Amino acid sequence: MSAQIIDGKAVSQIMKEQLRQQVAALPSPPGLATVLVGDDPASQSYIRSKHKLCADVGMRSLHHQMSAGASQAEVEAVIVQLAADPGVHGILIQLPLPAHLDEECILSRVPLEKDVDGFHPVNVGRLAMKGRQPAFVPCTPAGCMRLLQHYKIPVSGARAVVVGRSNIVGLPMALLLNHADATVTLVHSRTKDMHEHLNRADIVVAAIGKANFIVGSQLKPGCCVIDVGINRTPNGLVGDVDFASAREVAAWITPVPGGVGPMTLVMLMENTLRAAQKSLLGRELQPGISG
Ligand code: NDP
């Protein structure tokens, strides 16, 4: 078997076109503000990609660069200022923050209706609870769900294994799959016999940060592999799943690059558009829970 490639780049192109049309229909462009504390090169590169995509779909963007030593009060003051700015519909705090800052307090300063990254503790709490609707869902897991929907991959009743439990990817991914009625197992660095979970999984989401960590022989034939990992190696970017061996076993697989990465960016644009639609048109925020 050679798996069908889940082409995140192609799906994101379709979404970008739809976003351009919806942005053009607004009385004024949506605005996204980014805040970066420190000068981590990877974070700077992610921020640049976000601003480039904003321009591409017709959105405004502005960036607040803060020194690595910025105090808690200084960072919170910037967020309070952005929260009050009617031209800013979405606020993104680039994570991780330097260790001296209180991440939870800073994320809590973002108004719920501008929390386009979905990391406000209230939005995360709502995502975790049955019958509650977060205003926004974190972009990477939302992008993974959108890929599953686009390729009509059965989720309800499926056995899903999420590898990795970070606040940014693994945990919200497990919560979204649970909302979509998968039977979810969340595995991590302390899990014993991970292969016993993997070889029963209909859907595997890998968000570990270790190059080619999961190999084809560990997977259930006919499964779907969503590889979130981005690892820089001498041979270029690779995922957390060994693509060559996994594609011979799985029925669907995301490549790295060109799988989940482009979806993360476009989901951020979609969240910002929804925030602007609420602000500019008074349109109620639709629950973001389905991704
Ligand atoms: P973190 O480092 O925050 O989390 C990694 C998770 O993997 C942890 O939960 C950890 O377990 C688990 N883990 C580590 N080693 C093992 C192991 N040997 N067996 C099982 N689980 C293990 O990473 P992130 O979630 O932020 O990112 C994960 C990957 O996704 C990275 O490669 C990152 O670059 C990529 N990424 C990609 C994005 C995209 O848009 N495509 C967006 C965000 C991230 P424990 O909790 O026990 O330590």
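Residues numbered from 1 in each chain as written. Predicted model: local features only at pLDDT ≥ 70, side-chain atom pairs only at ≥ 80, totals over all residues. Heavy atoms only, no water.

Caption draft 1: Region of the structure containing the sheet that holds strand β3 (residues 60-66). Pairing is parallel across the open sheet formed by three strands, whose spatial order is β3-β2-β4. Each edge of the sheet is formed by a strand with only one pairing partner; in this case those strands are β3 and β4 (90-93). Taken pair by pair, the neighbouring strands of this sheet meet at an average axis angle of 15°, ignoring direction. Bridge count between strand β2 (residues 31-37) and β3: seven bridges; the pairing is parallel. Its bridge partner being in β3, V35 is matched across the sheet by H64. Packing against the sheet, helix α3 (residues 72-84) makes contact with β2, β3 and β4, and its axis sits at approximately 165° to β3. (Pairing = 2+ DSSP bridges. Helix = DSSP H or I, 4+ residues; strand = E, 2+ residues; numbered from the N terminus. Axes fitted to C-alpha atoms, helices over the stretch in contact; angles between N-to-C directions. Contact = heavy atoms within 4.5 Å.)

Caption draft 2: Examining the pairing of β4 more closely. Here β4 shows two buried faces, one formed by G90 and L92 and the other by I91 and I93. Bridge count for β2 against β4 is four bridges, and the pairing is parallel. Counterpart to L32 in the pairing with β4 is G90. (Buried < 20%, exposed > 50% of the residue type's maximum accessible area, 1.4 Å probe, protein only.)

Caption draft 3: Spotlight on the pattern of salt bridges. Tallied over the full model, the rule gives six salt bridges. Residues E76 and R109 are paired through a salt bridge, measuring 2.7 Å at the closest nitrogen-oxygen approach. Of this pair, E76 sits in helix α3 while R109 sits in the loop between α4 (103-108) and α5 (121-128); the two residues are 33 residues apart in sequence, bridging distant segments of the chain. For the salt bridge of R146 with E270, the shortest nitrogen-to-oxygen distance reads 2.7 Å. Linking R146 in helix α6 (residues 139-150) with E270 in helix α10 (residues 260-281), this pair joins segments that are 124 residues apart in sequence. You'll find R146 and E270 in the same group, each marked buried. Salt bridges linked by common partners bring K16, E17, R20 and D56 together as one network. (Salt bridge = Lys/Arg side-chain N within 4 Å of Asp/Glu carboxyl O.)

Caption draft 4: Quick look at the domain arrangement of the chain. Splitting the chain by domain gives domain 1 (26-111) and domain 2 (138-262). Between the C-alpha centres of domain 1 and domain 2 the distance comes to 28 Å. (Domains from an automatic or database assignment.)

Caption draft 5: Region of the structure containing the site of the ligand. Taken together, the neighbourhood of the ligand is formed by 21 residues, with R165, S166, S189, I230 and T264 sitting nearest. Here an oxygen atom of the ligand and a side-chain polar atom of T264 are 2.7 Å apart. Against a free-state accessible area of 930 Å², the protein chains account for coverage of 71% of the ligand. Of all the elements, α10 adds the most residues to the shell around the ligand, at three residues. Considering only residue class, the shell around the ligand consists of nine nonpolar, 10 polar and two charged. (Near = heavy atom within 4 Å. Polar contact = N/O pair within 3.5 Å; in protein donor to acceptor, adjacent residues only side chain to side chain. Areas by Shrake-Rupley, 256 points an atom, 1.4 Å probe, with all protein chains shown as cover. Nonpolar A, V, L, I, M, F, W, Y, C, P; charged D, E, K, R; others polar.)

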